[in-house]
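# Per-entry structural report
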Amino acid sequence: MSKAIQNILDHYPAAVFRNRKEHILEKGGDKKEIAANSRTIPGIITSRGCCYAGCKGVVLGPLQDVAVIVHGPVGCSYYAWGTRRNKAKGRNGRNFVQYCLTTDMQESDIVFGGVKKLTLAIEEAVELFHPAAVMIASTCPVGLIGDDIHAVAAEAEKKYGISVTAYSCEGYKGVSQSGGHHIANNGLISKIIGKGDMKVEDGKFRINILGEYNIGGDGWEIGRILKKIGYEVISVMTGDGAYEELVNAHAANLNVVQCHRSINYIGEMMRVKYGTDWVKVNFIGIDHTVKSLRDMAKYFADEALIQRTEEVIAEEVEDIADDFEQYRKILNGKKAVLYVGGSRAHHYQNLLKSLGVTTVMAGYEFAHRDDYEGREVISTIKEDADSKNIQELKIEKDPEKFKMRLSQEEYDKLSKEIPLNYYAGMIKDMPDGSIVIDDLNHIETEEFIKMLKPDIFFSGIKDKFVAQKAGVLSRQLHSYDYGGPYAGFRGCVNFAKDVAMGITTPTWSYIVAPWKKEPKLTGEFAGGNQ
């Protein structure tokens, strides 16, 4: 353990020290394994969300033609609705992303049960909106009192003739929002994906985009590039996604995975059920966008597609080159900290590097060890009681829709060239000497800012202002602070512009960090009260 990390951990009592030291390491140091996906110590101010937030807020919420009803108090529904920027254009007159639908449970509902209220809420949603489907997300009180939301959903499905599914994603399940991702993935694969009648066709460059939530319009920019090359996007899970597209996701020839943590379950389950391979992509940053596009083209092994991919890459890079260089000159030599959920703490490091910005520390809110160290460590991860709260589905081949896209020989050869059904994790791409930290908390945020002196701190809303009170610019990578899109080639310029604008504002010269006001020396009188 480095002396710097040791000094920060010395703030803690012994029991907390023992726990937190497992969640921090220095790249290139002696420690190779990091603790993750375990309970936050009570009393520590964490930036994590709950299981319900991961299910409804992240995965289900961006679906534009689905009425997602939150069965619980209104505060839970508002929390998962008003804190993200999942953009959606809507199709067939349906776009419910901007609505906050809830049963608004009161004390009497918690005492006597809320089933009747939920039944009426579904009826009202169907009559008002005529959604393609209804999804029910439960919150903590529902799990505690035992409302059977699955029975209500089954009855409503028979009554209205549309898909009505329920997700038991009470906030207390799991250790973070990661558990909610898993629950949502289970529901989508078992009850929705594959229910459509689209046939698998050879010779089509059909893909699903997994783990893209269209924050700030990212999904639209990615889709623009892919369609320009010649891909047919069957479905997006789930930014600006639609139930009517998800049911045909089985017909895609390849899944491309952007956010590994939130959607890798579906990637693996579709591989078993339909034979659909997945490739880990990263459409953040010029170099990684180029690599991702080339990896996709290599999978299909079509010469015309490969040539068109190179043509589009050349056009797109040329279009942004001058603007990108302008902002690179401003940002070159700066230092950054990234503490974000999903895969963003990893994805943005390459983009920052291309701008001349060094990442001195990075971490995740809700990652598992494989998000840090790579999928090769999955077999060594010990299952604990919290993990057992989340159902592991037993998936089998679909006898009608399963199709192998590659021979074993082709698969073995290709898996050595591209990240086929594999994610290498964040740590391998980080520079030696940088800090890797899981479940960063309030006091560690302050102490690492003092120690590392970053020029910019990328985070979420919960810790944004901790950094800015210290005189360090913070940009949200969960909602982009109303900027974006940041994905794709044009997104690189948008990102660079926003960061350069923020970092050069004179505001920071007027802010004095709290610790700069503290006395340099401390002491006490000897001799008791004298």
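Our subject is the structure listed above.
Residues numbered from 1 in each chain as written. Predicted model: local features only at pLDDT ≥ 70, side-chain atom pairs only at ≥ 80, totals over all residues. Heavy atoms only, no water.

## Structural notes on the overall build of the chain
Counting secondary structure elements, the chain contains 20 helices and 14 strands. Taken over C-alpha atoms, the radius of gyration comes to 24 Å for the chain, in line with the 24 Å a tight globule of 530 residues would show. Burial status across the chain gives 57% buried among its 530 residues. For the chain, restricting intrachain contacts to residue pairs at least 6 apart in sequence, the fraction spanning at least 24 positions comes to 76%. In the form shown here, the chain has an accessible surface area of approximately 23300 Å², with 52% of it arising from carbon and sulfur atoms. (Helix = DSSP H or I, 4+ residues; strand = E, 2+ residues; numbered from the N terminus. Rg over C-alpha atoms; globule rule 2.2 N^0.38 Å. Buried < 20%, exposed > 50% of the residue type's maximum accessible area, 1.4 Å probe, protein only. Contact = heavy atoms within 4.5 Å. Areas by Shrake-Rupley, 256 points an atom, 1.4 Å probe, with all protein chains shown as cover.)

## As for the packing of helix H9 (residues 178-191) against helix H12 (residues 260-274)
In the contact formed by H9 and H12, the axes pass within 8 Å of each other and the chain directions differ by 30°. Taken together, the axes of H9 and H12 are roughly parallel relative to one another. Between H9 and H12 the crossing geometry is right-handed. Residues Ser-178, His-181, His-182, Asn-185, Asn-186, Leu-188 and Ile-189 of H9 lie in contact with H12, whose contacting residues are Arg-261, Ser-262, Ile-263, Asn-264, Tyr-265, Ile-266, Met-269, Met-270, Lys-273 and Tyr-274. Broken down by class, the residue content of the contact of H9 with H12 amounts to eight nonpolar, seven polar and two charged. (Axes fitted to C-alpha atoms, helices over the stretch in contact; angles between N-to-C directions. Parallel < 35°, antiparallel > 145°, perpendicular 65-115°, else oblique. Left-handed = near helix turned anticlockwise from the far one by under 90°. Nonpolar A, V, L, I, M, F, W, Y, C, P; charged D, E, K, R; others polar.)

## So, the pattern of salt bridges
Taken as a whole and judged by the stated rule, the model has 32 salt bridges. For Glu-376, the salt bridge is made with Lys-428, and the minimal N-O distance between the two is 3.0 Å. In this pair, Glu-376 sits in the loop between helix H16 (369-373) and helix H17 (408-414) while Lys-428 sits in the loop between H17 and strand E12 (435-438), placing the two residues 52 residues apart along the sequence. Residue class for Glu-376 comes out partly exposed when judged on its relative accessible area of 42%. Residue classification places Lys-428 among the partly exposed residues on the basis of a relative accessible area of 42%. With a closest N to O distance of 3.9 Å, Asp-481 and Arg-475 form a salt bridge. Residue Arg-475 is classed as buried on the basis of its relative accessible area, which comes to 12%. Connected via shared salt-bridge partners are Glu-221, Arg-224, Lys-228, Arg-308, Glu-311, Glu-315 and Glu-316. (Salt bridge = Lys/Arg side-chain N within 4 Å of Asp/Glu carboxyl O.)

## Considering the sheet that holds strand E5 (residues 163-167)
The sheet built from four strands is open, its strands ordered E3-E2-E4-E5 with parallel pairing. Among the strands making up the open sheet, the edge pair consists of strand E3 (101-102) and E5. Pairing analysis gives two bridges linking strand E2 (residues 66-71) to E3, with the strands arranged parallel. When the sheet's bridge partners are listed, Ile-69 is paired in E3 with Leu-101. On top of the sheet, H9 reaches strand E4 (133-138) and E5; it is set at about 150° to E5, its chief contact. (Pairing = 2+ DSSP bridges.)

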